[in-house]
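Survey of secondary and tertiary structure
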Amino acid sequence: MSDLPGIVITGVSGRMGRMLVGLALASDKLRLAGCLERAGHPWVGQDIGVCLGGQPAGVLVSDDPVEVFAKAQAVIDFTAPAATVEFAALAAQARAVHVIGTTGLEAADLEKIAAAARHATIIRAGNMSLGVNLLVQLTKKVAQALDADWDIEVIEAHHRHKVDAPSGTALMLGEAAAEGRGVALGDVSDRGRDGITGARERGHIGFSAIRGGDIVGEHDVLFATEGERIVLRHLATDRAVFARGALKAALWGQGKKPGEYNMLDVLGL
Ligand SMILES: NC(=O)C1=CN([C@@H]2O[C@H](COP(=O)(O)OP(=O)(O)OC[C@H]3O[C@@H](n4cnc5c(N)ncnc54)[C@H](O)[C@@H]3O)[C@@H](O)[C@H]2O)C=CC1
Ligand SMILES: O=C(O)C1=N[C@H](C(=O)O)C[C@H](O)C1
């Protein structure tokens, strides 16, 4: 067996799971050590290469996280909040780096993840692409430079299957804008406007979500004032940008002290 870091991928039949497996199998920096799907999924017990329509890869899909995490130096996890919270505790027990891409996590979920990060290295980001993480830094800088005469709106668009809104990326961008302005996002956030909402409040940060077709992920941060507007935009056209970031994070996390990190740490931004 090679001594490359062993990576376990969760949710392997999902949109991100398939992309991650393809890149992991092609990588010369890490090896695919395990694949996980939910109990009852038809892929469980099958070879992942065959499930994806190719040659056998020698890795069977499991539904037992304890068994597969025991083989892992890192777990890459793009699933759903309840699964991710469970995996955070199990990955910590297995001393594996946990890379979390799952979005839609509530405050109670984040607390459990923070508890796991006392004993384990966790890297979590609502978006793992280089472009979005640069956009986060640009958003903070622009928000720092402008006063509250400039209204800030975050507009995101995703495919019809996405279950959470605003997107994890939109929330990262909103947090960056709030930080740049020196306010807490929770105090100024406007979400889901509908009906007679009243005029826009000065200093608030608004969120709008579009869902349709196969849109991979699009984010605008709009700064609008009397007579002029600035739009910072990121368009993802291929999920490989998220998957490449996650694989990079899994390697970066090897040997790091326990704690919760993000993609700004990984990318050195
Ligand atoms: N941080 C980032 O860069 C990105 C984050 N995401 C997020 O990743 C998550 C997944 O996105 P998609 O792949 O599009 O969703 P998907 O619905 O296509 O895939 C999720 C997969 O997780 C599996 N799963 C659910 N519970 C499980 C469990 N207990 N054990 C094992 N497998 C389980 C499902 O069966 C499914 O195959 C979402 O929260 C999404 O917002 C997506 C793209 C990029
Ligand atoms: O669900 C998705 O697809 C995506 N989710 C992430 C998010 O919530 O921001 C990242 C990316 O935009 C794709």
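Before any of the text, the structure's been laid out above.
Residue positions are counted from 1 within each chain, in the order its sequence is given. Chain letters and ligand numbers both follow the written order, the letters beginning at A and the numbers at 1. Residues qualify for local features only when their pLDDT is at least 70, as the model is predicted, and side-chain atom pairs are given and counted only at 80 or more; totals for whole chains, interfaces and linings, by contrast, use all residues. Calculated side-chain values reflect all of the structure's heavy atoms, with hydrogen atoms and water omitted.

Concerning the nonpolar core
Judged by nonpolar contacts, the single largest core of 34 residues is most densely connected at Ile48, Ile76 and Val99. For the purposes of this entry, the term helix denotes a DSSP run of H or I that reaches at least four residues, the term strand denotes a run of E that reaches at least two, and both are numbered from the N terminus. Counting only elements with at least two residues in this core, the list comes to β1 (6-10), α1 (15-26), β2 (31-36), α2 (48-51), β4 (74-77), β5 (97-100), α9 (240-252) and α10 (263-267). Of all the elements, α9 adds the most residues to this core, at six residues. Those residues in contact with valine 99, other than ones at most four positions away along the chain, are Val75, Ile76, Asp77, Ile123, Met128, Ala246, Ala249 and Ala250. Throughout this description, the term nonpolar core refers to a set of buried Ala, Val, Leu, Ile, Met, Phe, Trp, Tyr and Cys residues connected via side-chain atoms within 4.5 Å. A simple rule labels every residue: compare its accessible area, found with a 1.4 Å probe on the protein chains alone, to the largest value its type can have, and call it buried under 20%, exposed over 50%, or partly exposed in between. Throughout, a residue-residue contact means that at least one pair of heavy atoms, one from each residue, lies within 4.5 Å.

Thoughts on a nonpolar patch on the surface
Patch membership is restricted to residues that have no salt bridge and whose relative accessible area is over 30%. Joining uses 9 Å for like charges and 5 Å for the nonpolar side chains Val, Leu, Ile, Met, Phe, Trp and Tyr. Accessible areas in this description were obtained via Shrake-Rupley with a 1.4 Å probe; residue shielding takes into account the shown protein chains only. Any carboxyl oxygen of Asp or Glu that lies within 4 Å of a side-chain nitrogen of Lys or Arg is treated as forming a salt bridge with it. A cluster of nonpolar side chains, namely Leu130, Leu134 and Leu269, defines an oily patch on the protein surface of about 250 Å² accessible area. Checked against the element boundaries, leucine 269 lands in the segment after α10. You can call leucine 269 partly exposed: its relative accessible area is 38%.

Thoughts on the site of ligand 2
Nearness here has a simple test: a residue counts as near a molecule or strand if at least one of its heavy atoms is within 4 Å of that partner. Taken together, Thr103, Gly126, Asn127, His158, His159, Lys162, Ser167, Gly168, Thr169, Val216, His219 and Phe242 make up the full set of residues near ligand 2. A distance of 2.8 Å is found between an oxygen atom of ligand 2 and a side-chain nitrogen or oxygen belonging to lysine 162. Burial of ligand 2 by the protein amounts to 86% of the accessible area it has alone, namely 320 Å². The residue makeup of the shell around ligand 2, split by class, is two nonpolar, nine polar and one charged. Polar contact criterion, stated in full: a pair of N or O atoms within 3.5 Å, where within protein one must be able to donate a hydrogen and the other to accept it, and residues adjacent in sequence count only if both atoms are side-chain atoms. When residues are grouped by polarity, Ala, Val, Leu, Ile, Met, Phe, Trp, Tyr, Cys and Pro land in nonpolar, Asp, Glu, Lys and Arg in charged, and all others, Gly among them, in polar.

Remarks on the site of ligand 1
Near ligand 1 lie 21 residues; those nearest to it are Arg15, Met16, Glu37, Thr103 and Lys162. A distance of 2.9 Å separates a nitrogen atom of ligand 1 from a polar backbone atom of alanine 125. One of the backbone N or O atoms of glycine 126 is found 3.2 Å from a nitrogen atom in ligand 1. Here ligand 1 has 870 Å² of accessible area as a free molecule, and 80% of this is covered by the chains.

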